[in-house]
Amino acid sequence: MPKARTEDAAELERITRTLRRDIVIATSAAASGHPSTSLSMVEVVSILFFGGVLRYDPKDPHNRERDRFILSKGHGAPGLYAVLAEAGYFPADDLTTLRRLGSPLEGHPNMCRLPGVEASTGSLGQGLSVGIGHALGASIDELDYRVYVMVGDGESEQGQIWEAAMYAGNHSLDNLTLIIDRNGYQQTDSVKNIQSLDPLDKKLEAFGWAVRDIDGHSLDEVRAAFEWAQSITGSPQAIIANTVKGKGVSLLESDPAKWHGKPVPEEDKDRALEEIGA
Amino acid sequence: MSFGISRIQLEEGTSTREAFGEALAQAGSNLNVVVLDGDVNNSTFTKNFKDEYPDRFFNVGIAESNLVGVAAGLAGCGKLPVVSSFSAFLLCNAYDQIRMSVAFPNQNVKLVGTHAGISIGEDGPSQMTVEDVALACSFPGFTVIVPADGPSAAAATHAMLEREGPTFLRCGRPKVPNVYENGDAFLVGKANTVRDGDDVTIVANGIMVAMALDAAEGLSGEGISARVVDMHTVKPIDTSALEKAANETKGVVVAEEHMAYGGLGATVAMTLAERGPTRMAFVNIGDTYATSGKPDELLLQFGLTPDAIMDAARRVLKD
């Protein structure tokens, strides 16, 4: 199972700019969708798919030995689609069919319609449990694939996340890595104001996880965190990626609660793309 | 003539949950089968599987949401997961997980809800389900099976494992009298006519099949010839068996251990309404929860008896 690995920092930065551009263009074309929650996850998925972490083959998307990436925060679909297109699962031109009738690029990921999507998500809190199923599948079949699940910090208010976290910790599922895209905001306000997760690291540690807190926009820190995760045995690993909702587009960054689930307006698009630099 | 709850002594035969558990353990020779439990395996009889195949048995704990999600992930790896818990906790607690992680992505997960209906008895309504068939039928693409007795529950277990796609199998707690012999044919989606008749048809499933047979016997004493159809598969329903019943008899009684809405009665009525007017009557729990009590006391109290079926048949046949 191949890994797409580039050590070239400039190339990885080019990829992050491409993903950000694709996210903004696709959601603006759809005139709906969630660009800001997609923008916050860009560095993490860039390293995951192109920094030599994930083993996958777009030509053989169901290969039983593949590593799995499950996007539990399904409204980050534009970010997932951008990275899948860049990885070669489908032509990048298709990205602008986002949310259109007939397109497999639905508003939230649908695993039955788009290869590379490992779980249908969008009702929050469910992806980590599905990831545990895949992690158990590896041990039943004695395969060495790894499972990566990304959740949002707002999503972590769901009880099922903690049922799953308790199970993974108690059963020492060390082929499972959780990434919390901690962009700090949910639909109407900051996570802190609504249902603070603090102390998130201590909570996860208490549930039996190895935990690392990083700057989720630093390619170096993200890469180091995945290398760390792969080195851990005997417990699942959680990477708390501290990120900025709407990262790279000042308009979306300026008021995250206002811009949740809203594309960049047509009149602001050129400026946004200029800021992204792609 | 009154039959009361005569044949439903709930002491003879096997419970459908026990027959399921035995059949599941037999099916364990298929290495793809994995079994997931919400810590009730000695009640659901998945303990039989656990004892034989501990490496493919996962007690996920009292956490049905996670339980169903984990099963969906295993199905995504090509496994054949069977998830079992009390019907109330499985369907009601994990409804959205079944919807989002199993039904919508059409994952090959088998959900087996035990202790369904009101015949579980003393534990009372929090542990019972009067609404689970409606909930299971509400998922697009689901197969929903309600077996009548031990032999058909065992056959249904094997049949659902051979059939691709998400399925709900409903099992009960008490022992029920055998309607079938072991080895009798069981085809998902194909109703069994367990007694022929040409005046009225009683369509039933679960423990109501044995009661319907008692009712038919009672009706024959009044000169009424009643057909009894075991509609073990609520979804997809056997449309041709229903059309035949409506064409060949003067009316249809539907009997189920379920509330009035969304179960077998509603499905039969919807199906027959397409065909044209059919005289119908319904035997069910109505629009209410039950209470604690002995199983036979509850069945009597909530109108699930051969007498109630006979009354319904008489209503249907009344000019």
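Residues numbered from 1 in each chain as written. Chains lettered and ligands numbered in written order. Predicted model: local features only at pLDDT ≥ 70, side-chain atom pairs only at ≥ 80, totals over all residues. Heavy atoms only, no water.

**Here we look at the overall build of chain A**
Put simply, the rule reads: Counting from the N terminus, the helices are the DSSP runs of H or I reaching at least four residues and the strands are the DSSP runs of E reaching at least two. We compute the radius of gyration from the C-alpha atoms alone; for a globule the expected value is 2.2 Å times N to the 0.38, where N is the number of residues. Partly exposed residues are those whose accessible area sits between 20% and 50% of the maximum for their type, while under 20% is buried and over 50% is exposed, using a 1.4 Å probe and protein chains only. What makes two residues a contact is simply this: any of their non-hydrogen atoms within 4.5 Å. All accessibility values rest on the Shrake-Rupley procedure with a 1.4 Å probe; residue burial counts only the protein chains present in the view. Two residue types count as positive, namely Lys and Arg, and two as negative, namely Asp and Glu; His and chain ends fall outside the count. Charge coordinates come from a single atom per side chain, which is NZ of Lys, CZ of Arg, CG of Asp or CD of Glu.
What chain A contains, in helices and strands, is twelve helices and seven strands. The C-alpha atoms of chain A give a radius of gyration of 17 Å, which matches the 19 Å a tight globule of 278 residues would have. If one aligns the C-alpha atoms of chain A with their principal axes, the spans along those axes are about 50 × 45 × 35 Å. Classification of the 278 residues of chain A by burial places 59% in the buried group. Residue pairs at least 24 apart in sequence account for 76% of intrachain contacts in chain A once pairs closer than 6 positions are excluded. Total accessible area computed for chain A in this model is approximately 10500 Å², and 46% of it derives from carbon and sulfur atoms. Within chain A, the 41 negative side-chain charges are centred at a point lying 1 Å from the centre of the 28 positive side-chain charges.

**Things to note about the packing of helix 1 (residues 9-30) of chain A against helix 12 (residues 266-276) of chain A**
Residues and elements named next belong to chain A. Note the cut-off: Lines fitted to the C-alpha atoms define the axes, with helices restricted to the stretch that makes contact. Angles between their N-to-C directions range from 0 to 180 degrees. The scheme is simple: roughly parallel for angles under 35 degrees, roughly antiparallel for over 145, roughly perpendicular for 65 to 115, oblique for anything else. Handedness of each helix crossing follows the sense of rotation of the near helix against the far helix: counterclockwise by less than a right angle gives left-handed, clockwise gives right-handed. Each residue is assigned to one of three groups, with Ala, Val, Leu, Ile, Met, Phe, Trp, Tyr, Cys and Pro labelled nonpolar, Asp, Glu, Lys and Arg labelled charged, and all others, Gly among them, labelled polar.
At a closest axis distance of 9 Å, the pairing of helix 1 and helix 12 adopts a crossing angle of 170°. When the axes of helix 1 and helix 12 are compared, the pair comes out roughly antiparallel. Helix 1 and helix 12 meet at a crossing whose hand is right-handed. On the side of helix 1, the interface is formed by R17, R20, R21, V24, I25 and S28, while helix 12 contributes K269, L273 and I276. Classifying every residue of the contact of helix 1 with helix 12 gives four nonpolar, one polar and four charged.

**Section: the packing of helix 6 (residues 159-170) of chain A against helix 4 (residues 64-76) of chain B**
At a minimum axis distance of 8 Å, the contact between helix 6 of chain A and helix 4 of chain B shows a crossing angle of 70°. For the element pair helix 6 of chain A / helix 4 of chain B, the angle class is roughly perpendicular. Note on packing geometry: the crossing formed by helix 6 of chain A with helix 4 of chain B is right-handed. For the pair helix 6 of chain A and helix 4 of chain B, contact is made by A:Q160, A:E163, A:A164 and A:Y167 and by B:E64, B:S65, B:N66 and B:G69, respectively. Per-class residue counts for the contact of helix 6 of chain A with helix 4 of chain B are two nonpolar, four polar and two charged.

**Points about the nonpolar core**
Proteins that are soluble and globular tend to have nonpolar side chains buried together. Just so we agree on the cut-off: We define the nonpolar core as a collection of buried residues of types Ala, Val, Leu, Ile, Met, Phe, Trp, Tyr and Cys that are connected through side-chain atoms lying within 4.5 Å of one another. Segmentation of the chain into domains, including their bounds, is taken from an automatic or database domain assignment.
Counting 75 residues, the largest nonpolar core has A:L176, A:L204, A:W209 and B:L36 as the members making the most contacts within it. At seven residues, helix 4 of chain B tops the list of elements feeding residues into this core. Structurally, this core is a two-domain feature, drawing no fewer than three residues from each of domain 1 (16-170) and domain 2 (192-317) of chain B. Ignoring anything within four residues of it in the chain, the contact list for A:L204 reads A:W162, A:L178, A:I180, A:W209, A:V211, A:A238 and A:I240.

**Some details on the pairing of strand 5 (residues 110-114) of chain B**
All names here are of chain B. Note the threshold: At least two DSSP bridges between two strands are required for those strands to pair.
With respect to burial, strand 5 is a largely interior element, five of its five residues being buried. Burial of strand 5 is two-sided: the residues K110, V112 and T114 facing one way and the residues L111 and G113 facing the other way are all buried. The pairing of strand 4 (residues 80-86) with strand 5 spans five bridges and is classified as parallel. Across the sheet, residue F86 finds its bridge partner in strand 5, namely T114.

**Looking at the interface of chain B and chain A**
Rules: What counts as buried area is the accessible surface, traced by a 1.4 Å probe, that two parts surrender upon association, with contributions from both included. By definition here, a salt bridge exists when the distance from a side-chain nitrogen of Lys or Arg to a carboxyl oxygen of Asp or Glu is within 4 Å. Within 3.5 Å is the distance limit for a polar contact, defined as a pair of N or O atoms, with the added protein rule that one can donate a hydrogen and the other accept it, and that residues adjacent in sequence qualify only through two side-chain atoms.
Each partner contributes residues to the interface: chain B has 24 residues there, and chain A has 24 residues. Here chain B packs against chain A, burying approximately 1900 Å² in sum over the two surfaces, 61% of which is carbon and sulfur. Contact with chain A buries area across many residues of chain B, yet B:N66, B:C77 and B:M100 alone supply 26% of it, more than any other trio. Put simply, chain B and chain A have one salt bridge between them. In this structure, the salt-bridge partner of A:D141 is B:K79, at a minimum N-O distance of 2.6 Å. Joining chain B to chain A, the criterion identifies eight residue pairs in polar contact (both at pLDDT 80 or more). Those elements giving two or more residues to the side of chain B that touches chain A turn out to be strand 3 (57-59), helix 4 and helix 6 (95-103) of chain B. The residue makeup of the side of chain B that touches chain A, split by class, is eleven nonpolar, nine polar and four charged.

**Observations regarding the domain arrangement of chain B**
Residue and element names in this part refer to chain B. Its domain assignment divides chain B into domain 1 (16-170) and domain 2 (192-317). Placing a centre on the C-alpha atoms of domain 1 and another on those of domain 2 gives a separation of 26 Å. Counting from both sides, the interface comprises 29 residues of domain 1 and, opposite them, 29 residues of domain 2. Taken together, both faces of the contact between domain 1 and domain 2 bury some 2100 Å²; the carbon and sulfur share is 59%. Summed over the three residues of domain 1 that lose the most area to domain 2, namely I118, V130 and V146, the buried surface amounts to 29% of that side.

**Brief notes about the sheet that holds strand 14 (residues 280-283) of chain B**
All names here are of chain B. Taken in spatial order, the five strands line up as 9-11-10-13-14 in an open sheet, and their pairing is mixed. In the strand order of this sheet, the two ends are held by strand 9 (192-195) and strand 14, each with one partner. This sheet shows a mean twist of 25° between the axes of neighbouring strands, independent of strand direction. Bridging between strand 10 (residues 200-204) and strand 13 (residues 252-255) involves four bridges; their strand directions are parallel. Its bridge partner lying in strand 13, T201 is registered against V252. Those strands touched by helix 10 (residues 239-248) are strand 10, strand 11 (226-230) and strand 13, and its axis lies near 170° from that of strand 11.

**Describing the environment of B:T46**
Residues and elements named next belong to chain B. Turning to its location among the elements, T46 is positioned in the loop between helix 2 (41-44) and helix 3 (47-52). Considered as a pair, T46 and V83 are 37 residues apart in the sequence and their alpha carbons are 9.3 Å apart. A polar side-chain atom of T46 sits 3.2 Å from a polar atom in the side chain of T44.

**Focus on helix 10 of chain B**
Residue and element names in this part refer to chain B. Applicable threshold: Each direction from the helix axis to a C-beta atom contributes to the arc, which is the arc of those directions.
For helix 10, the set of buried residues is A241, L242, A245 and A246. Buried residues of helix 10 fall within an arc of 130° about the axis and therefore sit on the same side. On its buried face, helix 10 sits against strand 10, strand 11, strand 13 and helix 11 (264-275).

**Section: the pairing of strand 4 (residues 147-152) of chain A**
Residues and elements named next belong to chain A. When you tally the buried positions in strand 4, you get six out of six residues, the bulk of the element. The alternating pattern of strand 4 places V147, V149 and V151 and Y148, M150 and G152 on opposite faces, both of which are buried. Pairing of strand 3 (residues 68-71) with strand 4, which is carried by four bridges, proceeds in the parallel orientation. Bridge assignment links R68 to a residue of strand 4, and that residue is V147.

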